[in-house]
Amino acid sequence: MSSSVQPGAASPAPFPSGPIPSCRGRAVAVVGDDIDTDRIIPARFLKCVSFEALAAGAFADDRRELQGDHPFDRPQHQGAAILLVNRNFGCGSSREHAPQALMRWGIRALIGESFSEIFFGNCLVMGIPCLTASHADALALQQAIATDPAAEVVLELEALEVRLLGSVESPGERRWSLSLAQGPHRMLVTGQWDGTSQLVAQDEALRRTASRLPYLSSFVAGSS
Amino acid sequence: MSAGTLYDKVWELHRVAELPGGATQLFIGLHLIHEVTSPQAFSALRDLGLGVRHPERTVATVDHIVPTTSQARPFADPLAEEMLATLERNCAEHGITLHGLGSGRQGIVHVIAPELGLTQPGMTVACGDSHTSTHGAFGAIAFGIGTSQVRDVLASQSLAMNKLKVRRIRVEGALQSGVAAKDLILHIIRMLGVKAGVGYAYEFAGGTIEALSMEERMTLCNMAIEGGARCGYVNPDATTFAYLQGRPQAPVGEAWARAVDWWRSLASGAEAVFDDEVVFDAALIAPTVTWGITPAQGIGVNETVPTAAQLEPDERPIAEEAYRYMDLVPGAPIAGVPVDVCFIGSCTNGRLSDLRAAAAVAKGRQVAPGIKAFVVPGSEQVAAAAEAEGLDAVFRAAGFEWREPGCSMCLAMNPDRLEGRQISASSSNRNFKGRQGSASGRTLLMSPAMVAAAAVCGHVADVRDLLPATPAASPSPASPSR
Ligand code: SF4
C-alpha cells in the first residue's frame, strides 16, 4: 500500500522539506537578548488542536503592547522569511509551539548571536536552520535591514554565509559568514533533519516487512 | 545482550531498515490514537502532503477529555468539543475507524483495544500515550510515543527506535487473598524504583504471573512505564488465547489455529538469555499504598510512612519534597489517613474484574460521610457488563456515583478533578504533584478494592479486614533477590 499524496496547507512559502541548501527572502529583526518562548507564543495559545492557527500568537503580547509597531506588524516586513535576533533567543519553556508559530508566520531561517538549546533542537526537527553570527555581524545585519527593509537576503547553508543583495536605494552586495554545528549542518543540507521522510522513503522495505508479518496475512506464513 | 526472548523475536520480525542516524526502523502492527496527542500529528501530516499509510492498522477512540456525567454533544467545554470534533474529522478524512461515544465500543484506548481483540501476541503496538505498555499483557511489544512520532507512524506505519535491554522479573508463589495485581506492580516499583527500567523492556514471568488473569496482567504491564520501562510484557499462553478467542478482531477458523501456533512460538524459550533478572516472592506482598509523589513511594498498608533515616540517601530529597507536599507524618501509619475523594477507574484498574473486586467490598456497606466516591468504567463494554451483573446497583446503594466511561480523574482533563488540598484514594497510576487536576491535590495510589475500603472506612484501611476469611498476615516488605 502506498501513501496517498494530498495537497499541502495553503501557505505563502512551502514548509521546509528535503535538503535545505539555501533560504532566500526579506528579513525582519526582533532585537533584544533572552527573548523566551513565552514571549514568542504566550501560554494561552497552547490550548489548541493544531499548530495551524499559531501564527496569530507569534509575539502576541509584545505586539499588543506595541499597538502595530512590532516588527511583525510593520507593513515592510510582511512576508519576511528570515528572522534576525540576538543572544539566547528562545530560552524558557520547551514548547514546540514557539518555532511552529514563527514558521507559520512565514519564518524559514533564523540568524542570531546564540539560541537556547531546546529551541534550536525544536527548529531543527522542523527544518528551520538557526545560524549563529558574531555580535558585530549580527548588529551590522540588523542595521542593514533597518536601513533597507526591502533588501533581498540570501542564506547559503552549504557555504555558511549570508548575502545581502543590493537594491535601488543601496546598490552593491554585502556578505557575512555564519556558523552552525557540524551535525545539524549535515542534517539540514542532506535533508536528514526530516525523520518522517526517511521513514517514508523505505517504501520497499516497509512492504517487505509487512508481507512477512503473519497477522497481516491470515497467519499464513510467507504469504503476502 | 538478550537473545531468544519474545522481545528479540518480535523486534527481529518487525525490523524494516537501519537508519543513517543509527536507529532501527521498526514496523508498527497496531497504531492506537485518541483526541489529545493526534490533532497536531494529523496537521503535520497535512503540511507534509502525506496521507495515512495503513488506515486499516490505525484505530481511534476518545477517552481523555470526555465528561463522565453528561456525554451529550456538544460538550459543555468548547475546547473538549473541538478536540473530539477534530478527531472525528481526521478519522473520516483518512478512513480510520473511530470507536466514538455511544458506539458500544468507546472507552479508554488501553481498555478497548484488548477488549476488541485488536491487541494480539507478537504485534508491535504504538499509541501517543505512555501507558501503551498495557498491551504487553498479550505478549505484544507496546510503547507510548510523542506527537511527532504519532505523525511518523501515521505516515509510514513505522518508527525510528533503539533496541532495549530485557530484564526478566520473575515472581513466584501465591498472592495473599486481598492482594491484587496492582499491589504486585506497586511493590515491584517500590523495590526497584522509578528509574530502574530506563533502557529496558520488562518481561514478567514465573508462576505468579502465569496464574494471573489477562486483566491482572494488563494492570501489571500498564504500570511498567511507572518503573521506567518503556514496555513490559507477559509471554502468551493458554490464558491469553482463551481471552482472545471469539473477540471481534481475533482470527477465526483455520486462521485461529495457525495464529495460536505462531503465538506459542514467540514465547521466550528455556534457552532465552536476559540482560538482567530479579526475583520476587509473591507471598510476602501486602496491599500496597503510595504515600508520596512518585509511584515508587509505596508501602504495605500496615507499615508506617518511612522516615528519612529509613531511606537510602539518594531517596531522601524526593522524600523531603513528598513530606512537604503530602503533609503526611514520617513514622506514622498510613492506615487511618483520612481521604476526601475515592476514584475507581483508569486504564490501570477500570476493567470488569476491578469493578467486581471493589463492589465485593462496597456491597452492604456505605461510603463514609463527607466522602465523594465514584466509579468510572474503563469502557462502554465494561459498563454494560457491570450493569448486566448489577455492579452499578451495588455501588449506587453504597453511595458511590456510577459514571460514563473515560479517563476521568486519572489526569483530570475533563471536569472530574480534585479541589484545593483534597486527598484521593485512587486506583489510577500516577500520584505526581497536581496530577488529579488541583495544583495542590494529593493522590494515594492503591488497588480498586483498597479504594472501596477507604471509601467505606473514610480513611486508608486494610481491605483484608473487610473481606471474609481474612488471613491475619502483616509481613515485612519483601525484598527482591538477584
Ligand atoms: S486512564 Fe489515565 S493513564 Fe490511562 S490513558 Fe487515560 S489518562 Fe492515560
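We now turn to the structure provided with this report. Per chain, residue numbering runs from 1 following the sequence as it is written. By the order in which they are written, chains take letters starting at A while ligands take numbers starting at 1. Under the rules for a predicted model, residues below a pLDDT of 70 receive no local features and side-chain atom pairs below 80 are neither given nor counted, while totals for whole chains, interfaces and linings still include all residues. Excluding hydrogens and water, the side-chain figures rest on all heavy atoms present in the structure.

Note on contacts: a residue pair qualifies if any of its non-hydrogen atoms lie within 4.5 Å across the two residues. Listed as interface residues are 36 residues of chain A and, on the opposing side, 48 residues of chain B. The three residues of chain A that bury the most area against chain B are A:Val49, A:Tyr215 and A:Phe219, which together make up 21% of that side's buried surface. Each reported salt bridge corresponds to a side-chain nitrogen of Lys or Arg within 4 Å of a carboxyl oxygen of Asp or Glu. Scanning the region where chain A abuts chain B turns up 2 salt bridges. The term polar contact refers here to a pair of N or O atoms within 3.5 Å; inside protein, the definition further demands a hydrogen-donor-capable atom paired with an acceptor-capable atom, and it admits residues adjacent in sequence only when both atoms are side-chain atoms. The interface formed by chain A and chain B holds 12 residue pairs in polar contact (both at pLDDT 80 or more) in total. Contributing elements (two or more residues each) for the side of chain A that touches chain B: α3 (97-105), α7 (195-200) and α8 (203-211) of chain A. Taken together, the residues of the side of chain A that touches chain B sort by class into 19 nonpolar, 11 polar and 6 charged. The term buried area denotes the loss of accessible surface (1.4 Å probe radius) that occurs when two parts are joined, taken as the sum for both partners. Here a helix means four or more residues in a row that DSSP labels H or I, a strand means two or more in a row labelled E, and each is numbered from the N terminus. For this scheme, ten residues count as nonpolar: Ala, Val, Leu, Ile, Met, Phe, Trp, Tyr, Cys and Pro. Four count as charged, namely Asp, Glu, Lys and Arg, and the remainder, Gly too, count as polar.

Here the focus is the environment of B:Thr208. Residue and element names in this part refer to chain B. Within the secondary structure, Thr-208 is located in helix α7 (residues 207-210). Thr-208 sits in the buried class, given a relative accessible area of 3%. C-alpha of Thr-208 to C-alpha of Ala-181: the two residues are 27 residues apart in sequence and 10.0 Å apart in space. Setting aside chain neighbours within four positions, we find Thr-208 in contact with Val-171, Glu-172, Gly-173, Leu-175 and Ala-282. Note on classification: 1.4 Å probe, protein chains only; a residue is buried when its accessible area is under 20% of the maximum for its type, exposed when over 50%, partly exposed between these limits.

A few words now on the nonpolar core. Within soluble globular proteins, side chains that are nonpolar generally end up buried alongside one another. Residue and element names in this part refer to chain B. The biggest cluster of nonpolar side chains holds 106 residues, and the ones touching the most others in it are Tyr-7, Phe-143, Ile-188, Phe-204 and Trp-263. Setting aside anything within four residues of it in sequence, one finds Phe-204 in contact with Ile-169, Ile-185, Ile-188, Ile-209, Leu-220, Cys-221, Ala-224, Gly-232, Tyr-233 and Val-234. Within the second largest apolar cluster, 57 residues are counted, among which are Trp-291, Tyr-325, Ala-386 and Val-463. Only buried residues count toward a nonpolar core. Its members are Ala, Val, Leu, Ile, Met, Phe, Trp, Tyr and Cys residues joined through side-chain atoms within 4.5 Å.

Residue and element names in this part refer to chain B. By the convention used here, strands pair only if DSSP detects at least 2 bridges between them. Pairing is parallel in the open sheet, where 4 strands are placed in the order β11-β10-β9-β12. The open sheet is flanked by β11 (231-234) and β12 (276-281), the only strands paired with a single partner. The mean inter-strand angle of the sheet, taken between neighbouring strand axes irrespective of direction, is 20 degrees. By the bridge criterion, 6 bridges tie strand β9 (residues 165-172) to β12 in an arrangement that is parallel. If you follow Arg-168 over to β12, its bridge partner there is Glu-277. Axis lines are fitted through C-alpha atoms, for helices just across the contact stretch, and the angle between N-to-C directions can take any value from 0 to 180 degrees. Relative to β12, helix α6 (residues 181-192) is tilted by about 125 degrees, and along the sheet it contacts β9, β10 (200-205) and β12.

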